[in-house]
Amino acid sequence: MKKIVLKRLLESIPVLWAIVTITFFLIRLAPGGPFDREKELDPQIQERIEAHYNLNAPLMEQYTDYMGGLLSGDFGPSFKNASSSVNELIAQSFPVSLELGFYALCVALLIGLTAGIIAALKPNSWQDYTPMTLAMIGICVPNFVLGPILLLIFGINLGWFPVSGWEEAADKVLPSITLGAMYAAYIARLSRGGMLEVLSNDFIRTARAKGLSETRVILKHALRGGVTPVIAFLGPATAGLLSGSFVVETVFQIPGLGKLFVESAFNRDYTMILGTVILYATLILILNLISDLLLTWIDPRLRNA
Amino acid sequence: MMPLLTVENLATHFHTRAGIVRAVDGVSYTLEKGQTLGIVGESGSGKSVSCYSLLGLIPMPPGRIESGSAHFDGGDLLNISKDELRKIPGQRISMIFQDPMTALNPYMTIGAQLMEPLLLHKGLSKEEAAKRSIEMLEAVGIQDAEQRMNAHPHQFSGGMRQRVVIAMALITEPDILIADEPTTALDVTVQAQILELIKSLQEKNGMAVILITHDLGVIAGTCDSVAVMYAGRLVEQASASSLFHSPRHPYTHALMKSLPSMNTDGKELYSIPGMPPDLTKPIEGCAFAARCEHAIEACRGDIHLHSIMPDHATACIRAQKGEL
C-alpha cells in the first residue's frame, strides 16, 4: 500500500512539471500582457515596470527564475495586486473556497446518494422517477440561473438567508446548495446506476436466500459495489468543488479562489494564473489518488493489480 | 408420517411487456425428511423458479405467485409475512446456486459471508461463529481454512468457491437444502466430490434435498424420487428406479434418448424435434403434444397428473390408459 502511494506521488512530479511548463509558455504566447492598457503607458514607465517584474529578460531566463522560486515554495508577486504575493492571495482565498466546497460536497453526497439509492430500490416507480427527473433538471439548470433564483426566493422574498457575504453560518447555506446541486444530480444518477447494477448480481440473491433483512442486503452487500462509480467521479469532481466556483462566488459575493482564477486570466496576471493552475492540478492529482485508494479499499479484486 | 414439505398447485407468473409468462403453472410435490427429490427439465422449464418461489426470491414485480401453498413446519411459505419468512431461508431451508463464480459477494471476505447466517439467525458470538465456519470449511474439503477465512472470493477457483457456497448453505444445519444445478459449473471430478459431500451430510443430519438439474445422470446417482418438468408443469413423477426403468411420459422418454451415454453405436445423437412452447400463450392440454410423436386428438383436452402405479405418476393420458 505504502509503495503504491509513494509510486503515485513520484509519478505526479513530472505531470506537475509538464503542466507548469506548458502553462508558463502558453500564457505568454497569448496576446496582451499584464500591463497593457487601453491608454498606452509612458514607454519609460512601462519599461521600468517590466524590469521590476523581470519581464524584459529572455523567456528562458524568466522560466528558470520562476521554477527556481517555485522549488523554494515562492509563487512570485502578483502582477495585478502590486502589494500582495501570489502566496498571500491564495492563502487568503483558498480557505474560503475550501470551506464552501466542503459544504457543497456534503450537500451533494447527502442528497445525491439518498436520492440515487432510493431510486434504485424502487426502479420505475414514482420513487425512482421523481428524484431522477429532479436530477435531470439539476444537471440542466446552470448555477448562474439556480443561484439568483434561490437568492430571489429565500434571500429576498422570504428573507430566510442573507443575500451575500461570507461571515455567519446563515451566509453559507445558499451558496453551498447552489454549488452542490449539480454534483448532487450527477451523484444521484451514478449511484442509482451503480446500485441497480449491483442489485442485479447473483450474490444479492444469495444474500436474500440467507434470510437477511432488506436493509442488511442493501447496506452490507450492495452499497459497497453500488457506490464505486460515485467514488470514481468524486476524485476530479471534488477538486473542482474545492478550488472554487467563479459563478457562485460572484453571485453571492464570496472572496474565494474561483474569482481570483478567472480574473487573473483576464488580467494576464501570469504568476497568479500559474499559482492557481498549480494548486488546481495538485488538488486533482491528490484527490484522484485518494479516490483510487478508496476504490481498492472497497473492491478487493483491484488489490492484486 | 407428515411430509416435511408439501407444495400444492404452485403457480408463479411473470407479468412482462411481452405478456404473462407462466413460468410455473400448477406444480405439486412432497418431500420427506432425509429424502432427495430431483427436479429435471430443460432450461426455462420452471425448475428454478418453482424453488425460488418457496424462499421469496422471486422479484416482484414482475413476478407474482398466482396460487398454491407450500406447507413447511405448520406454516405456509407462500402465505406468511416477510418477517416470518425471513426466519426460514438460510436457516431451515438453504439454497446452493448454480454459478459459484457469481454467487459469492466479491466485496466481502469468505469468513464474513460464512459467519453471517450464524450471527444473525443462531445468535452465536463472533468467536463461536468463526470456529464453526472454519470447521465447516474443513468439512467441505478446504485446506488452511483458518487463513482462508480472510480471503476474498476472487482468490478462489471455481470448485473452491462452490465448496464455500455449499459450506454457507449447510452451516446452519438446515432441514431442507435446495441445490440448483450445484455442479454444472464444475468439472466432472469435482462434481462427484461435491455430490458425495452433500450425500454424506444428508446421512449425518437427516437433511432433505431438492436437486434441480438438467442432467439425468446426476439424478440417477443421487435421487430417491424424480419430478420431470416441462413448460412450467410436472409431466411425470416417480421413484428414481421406476422412472429410469420405465419412463411413462414421452417427454421423459425423449430426454433419456437424447443422453449421450445412451447412444454408444456412433449414430447421431437424438434430439427432440421442435422447440419448447411459448410460455406467454396459454397452453391447451398437454404442453408436449406439439412435439410428441404419439400425440392424438385427446392430448389437446384436459390433462392431469395421475398415478398409474403406487410410486409413479404421469400426465400423459395415453400412458394413463396403458396405450404407451
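Residues numbered from 1 in each chain as written. Chains lettered and ligands numbered in written order. Predicted model: local features only at pLDDT ≥ 70, side-chain atom pairs only at ≥ 80, totals over all residues.

### Considerations on the pairing of strand β8 (residues 208-213) of chain B
Residue and element names in this part refer to chain B. Judged by how many residues are buried, β8 sits mostly within the fold: six of six residues are covered. With burial as the criterion, each face of β8 is covered, one bearing Ala208, Ile210 and Ile212 and the other bearing Val209, Leu211 and Thr213. Examined bridge by bridge, strand β3 (residues 36-40) and β8 share five bridges and lie parallel to one another. By the bridge assignment, isoleucine 39 is partnered in β8 with isoleucine 212. Pairing of strand β7 (residues 176-180) with β8, which is carried by five bridges, proceeds in the parallel orientation. Across the sheet, the residue bridging to alanine 179 is leucine 211, located in β8. (Buried ≥ 20, exposed ≤ 12 C-beta atoms within 10 Å, placed from the backbone. Helix = DSSP H or I, 4+ residues; strand = E, 2+ residues; numbered from the N terminus. Pairing = 2+ DSSP bridges.)

### Topic: the environment of Asp171(A)
Residues and elements named next belong to chain A. Along the chain, aspartate 171 falls in the loop between α6 (143-157) and α7 (173-199). Measuring from C-alpha to C-alpha, the distance between aspartate 171 and leucine 294 comes to 33 Å, with 123 residues separating the pair along the chain. In this view, aspartate 171 contacts Pro162, Gly165 and Trp166; residues no more than four positions away in its chain are not counted. (Contact = placed C-beta atoms within 7 Å.)

### Details of the interface of chain B and chain A
Taken residue by residue, the interface counts 24 residues in chain B and 19 residues in chain A. At the level of elements, β6 (93-96), α3 (100-103) and α4 (110-122) of chain B are the ones that each hand at least two residues to the side of chain B that touches chain A. When residues of the side of chain B that touches chain A are assigned to their parent elements, the largest contribution, four residues, is made by α4(B). In terms of residue class, the side of chain B that touches chain A is built from twelve nonpolar, eight polar and four charged. (Nonpolar A, V, L, I, M, F, W, Y, C, P; charged D, E, K, R; others polar.)

### What to know about the confidence of the model for chain B
With 96% of its residues at a pLDDT of 70 or more, chain B shows a mean pLDDT of 81. Here the prediction assigns the complex a pTM of 0.77, and the interface score ipTM is 0.79. (pLDDT = per-residue confidence, 0-100.)

### Some details on the pairing of strand β9 (residues 225-230) of chain B
All names here are of chain B. By the criterion of burial, β9 is predominantly enclosed, with six of the six residues buried. Residue alternation in β9 divides its side chains into two sets, Ser225, Ala227 and Met229 and Val226, Val228 and Tyr230, and both sets are buried. Pairing of β3 with β9, which is carried by four bridges, proceeds in the parallel orientation. Across the sheet, glycine 38 pairs through a bridge with valine 226, a residue of β9. Here β9 pairs with strand β10 (residues 233-239) via six bridges, running antiparallel. When the bridges of β10 are listed, methionine 229 appears paired with leucine 234.

### Brief notes about the nonpolar core
In terms of nonpolar packing, the biggest core is built from 95 residues, with Val165(B), Ala167(B), Ile176(B), Leu177(B), Ala179(B), Ile210(B) and Val228(B) touching the most fellow members. Looking at which element gives the most residues to this core, the answer is helix α7 (residues 158-170) of chain B, with eight residues. Excluding anything up to four places from it in sequence, Ala167(B) contacts Leu114(B), Met136(B), Leu137(B) and Val140(B). Ranked by size, the runner-up nonpolar core spans 59 residues in total, among them Ala135(A), Leu174(A), Val198(A) and Tyr270(A). (Core = buried A, V, L, I, M, F, W, Y, C linked by C-beta atoms within 7 Å.)

### A few points about the sheet that holds β3(B)
Residue and element names in this part refer to chain B. An order of β6-β7-β8-β3-β9-β10-β12-β11 is seen for the eight strands of this open sheet, with the pairing classed as mixed. Edge strands, defined here as strands with exactly one partner in the open sheet, are β6 and β11 (306-309). Taken pair by pair, the neighbouring strands of this sheet meet at an average axis angle of 20°, ignoring direction. (Axes fitted to C-alpha atoms, helices over the stretch in contact; angles between N-to-C directions.)

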